[in-house]
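Chain residues, written in single-letter form:
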Amino acid sequence: MTDEEWQVIRRVMPLPGWLCGRGGNPEGYCHREMFDAVRYLVSEGIKWRAMPADFPPWGAVYAFARRWQAEELLDVLHDRLREQLRLIEGRDDPEPTAAIVDSQSLRGAATLTGERRGYDGAKLVSGSKRHIAVDCLGLLLVVLVTAADLQDRDAGVNLLSAVHRLFARVALVWADSGYAGALIDWARENLALKVEVVRRSDDMSGFAVLPRRWVVERTLCATRRSVCIPG
């Protein structure tokens with residue numbers, strides 16, 4: 001990270017337990033070094049044991065990443081950064097009141113087996129599917145990963161439930177036709193959410209920028225290359 005990036009991260013970073021009077025020992029390595037190491041691993045797709053010597057020992061970096069993941073501190077950091085960016089972009093409120101949802105099927109490696117793998121007949125993809133909800137700026141709110149054969153309207157129940165639980169002020173959700181049908185009535189009756197389907201017109205051919213939907217599609221494109229920290 002640059003010095004400017006680190007100053008932004010440092011201001012919103014959750015404090016470790018020992019600094020909040022909850023016990024525990026001080027960190028053995030600088031948080032900036034740890035974040036740089038994890039970012040390097042994700043961007044380069046390396047193995048933990050292939051961590052370059054410029055960073056702390058891979059075991060320490062792995063323990064740091066696992067602890068922050070288990071305690072959901074990365075979620076806290078992500079949410080705080082999103083709130084700051086919304087204000088910088090001119091939004092009056094750091095909390096969203098509307099969301100856009102979509103999904104993307106991804107080919108799975110040979111190690112992806114069992115319930116985690118499915119075949120998406122529409123996209124001709126065997127693997128998994130990620131379902132995301134973003135705000136009107138395209139910033140991530142919720143991510144849900146399922147087998148690729150799960151229909152969007154079925155996964156939408158869990159996706160919209162998570163949006164409602166985490167962002168109570170969201171009252172309107174835009175979606176494509178894959179979420180049409182019973183899900184719209186279910187969301188209105190159970191979550192007090194209005195789901196508005198943005199459809200392509202009959203005379204459209206090829207690629208077309210659709211209102212609202214292009215925001216979530218841009219996010220899916222930007223995050224297409226993703227690496228999960230091994231459990």
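First, a word on scope: everything that follows refers to the structure included in this document. Quantities reported herein were computed from a predicted structural model and do not represent experimental measurements. (Residues numbered from 1 in each chain as written. Predicted model: local features only at pLDDT ≥ 70, side-chain atom pairs only at ≥ 80, totals over all residues. Heavy atoms only, no water.)

## Observations concerning the overall build of the chain
Selection rule: For the purposes of this entry, the term helix denotes a DSSP run of H or I that reaches at least four residues, the term strand denotes a run of E that reaches at least two, and both are numbered from the N terminus. Partly exposed describes any residue whose relative accessible area lies between the buried limit of under 20% and the exposed limit of over 50%, with all areas from a 1.4 Å probe on protein chains only and scaled to the type maximum. We call two residues contacting when some pair of their heavy atoms lies within 4.5 Å. Surface accessibility follows the Shrake-Rupley procedure with a 1.4 Å probe radius. Residue values consider only the protein chains on display as shielding.
For the chain, the helix and strand inventory stands at seven helices and six strands. Counting helices and strands in the order they occur from the N terminus, the chain gives α-α-α-α-β-β-β-β-α-β-α-β-α. The buried share of the chain, reckoned over its 231 residues, is 36%. A sequence separation of at least 24 residues applies to 57% of the contacts in the chain between residues at least 6 apart. Of the roughly 13,700 Å² of accessible surface on the chain, 53% is carried by carbon and sulfur atoms.

## With respect to the nonpolar core
Spelled out, the test is: In this description, a nonpolar core means a group of buried Ala, Val, Leu, Ile, Met, Phe, Trp, Tyr and Cys residues linked to one another through side-chain atoms lying within 4.5 Å.
Val101, Val142, Leu160, Val170, Val173 and Leu193 are the most contacted members of the largest nonpolar core, which has 19 residues in total. Going through the elements one at a time, β1 (98-107), β4 (140-147), α5 (152-166), β5 (172-175) and α6 (182-191) are the ones with two or more residues in this core. With four residues, α5 is the single largest residue contributor to this core. Every residue in contact with Val173, bar those within four places of it in the chain, is listed here: Ala99, Val101, Leu160, Leu193, Lys194, Val195 and Glu196. Counting 17 residues, the second largest nonpolar core, distinct from the first, contains Ile9, Phe64, Trp68 and Leu73.

## Description of helix α1 (residues 3-12)
Quick note on the threshold: Each C-beta atom gives one direction from the helix axis, and the arc is the one those directions make.
Looking only at α1, the buried set comprises Trp6, Ile9 and Val12. All buried residues of α1 fall inside an arc of 140 degrees around its axis, so they share one side. Exposed and oriented more than 90 degrees from the buried face of α1 are Glu4, Arg10 and Arg11.

## Topic: unusual backbone geometry
Although it is not a glycine, Glu72 sits at a positive phi angle of roughly 60 degrees. Here Glu72 lies in the loop between α3 (58-70) and α4 (73-88). At Leu124, a position not held by glycine, the phi torsion is positive, near 55 degrees. Within the secondary structure, Leu124 is located in the loop between β2 (118-120) and β3 (125-134). Of the residues examined, Leu124 reaches a relative accessible area of 58% and is grouped as exposed.

## Concerning the environment of Ala175
Within the secondary structure, Ala175 is located in strand β5. Relative accessible area serves as the criterion here: at 0%, Ala175 is assigned to the buried category. Taking the C-alpha atoms as reference points, Ala175 and Ser103, 72 residues apart in sequence, are found 9.9 Å from one another. Not counting the four nearest positions on each side in its chain, Ala175 is found in contact with Val101, Val195, Glu196, Val197, Val198 and Arg213.

## Some remarks on the packing of helix α2 (residues 31-44) against α3
The test is simple: To define axes, lines are fitted to C-alpha atoms, for helices over the stretch in contact only, and angles between the resulting N-to-C directions are given on a 0 to 180 degree scale. With respect to orientation, any angle under 35 degrees is reported as roughly parallel, any angle over 145 as roughly antiparallel, any angle of 65 to 115 as roughly perpendicular, and every other angle as oblique. The classification used treats Ala, Val, Leu, Ile, Met, Phe, Trp, Tyr, Cys and Pro as nonpolar, Asp, Glu, Lys and Arg as charged, and all other residues, Gly among them, as polar.
For the pair α2 and α3, interaxial distance at closest approach is 10 Å and the crossing angle is 90 degrees. Taken together, α2 and α3 sit at an angle that is classed as roughly perpendicular. Within the contact between the two elements, α2 uses His31, Met34, Phe35, Ala37 and Val38 and α3 uses Ala60, Val61, Phe64, Ala65 and Trp68. Classifying every residue of the contact of α2 with α3 gives nine nonpolar, one polar and no charged.

## Remarks on the packing of aromatic side chains
For clarity, the threshold we go by: The aromatic pairing rule takes the rings of Phe, Tyr and Trp, using the six-membered ring of Trp, and pairs them if the centres are within 6.5 Å, calling planes under 30 degrees apart stacked, those over 60 edge-to-face and the rest tilted.
Here the structure, examined in full by the defined rule, presents five aromatic pairs. Here the aromatic rings of Trp48 and Tyr62 are separated by 5.0 Å at their centres, their planes lie at 85 degrees, and the arrangement is edge-to-face. Of this pair, Trp48 sits in the loop between α2 and α3 while Tyr62 sits in helix α3, and the two are 14 residues apart along the sequence. For Trp48, a relative accessible area of 10% corresponds to the buried category.

## A closer look at the pattern of salt bridges
Worth spelling out the cut-off: Here, a salt bridge means any side-chain nitrogen of Lys or Arg that lies within 4 Å of a carboxyl oxygen of Asp or Glu.
Evaluated as defined, the whole model comprises eight salt bridges. In this structure, Asp3 engages Arg32 in a salt bridge whose closest nitrogen and oxygen atoms are separated by 2.9 Å. You can see Asp3 sitting in helix α1 and its partner Arg32 sitting in helix α2, a full 29 residues away along the chain. With a shortest N-O distance of 3.6 Å, Arg213 and Glu217 are connected by a salt bridge. Here Glu217 and Arg213 lie together in helix α7 (residues 213-222), a separation of four residues that amounts to about one turn. According to the relative accessible area criterion, Glu217 is partly exposed, its value standing at 28%.

Interpretation in functional terms is not warranted from these geometric data alone.
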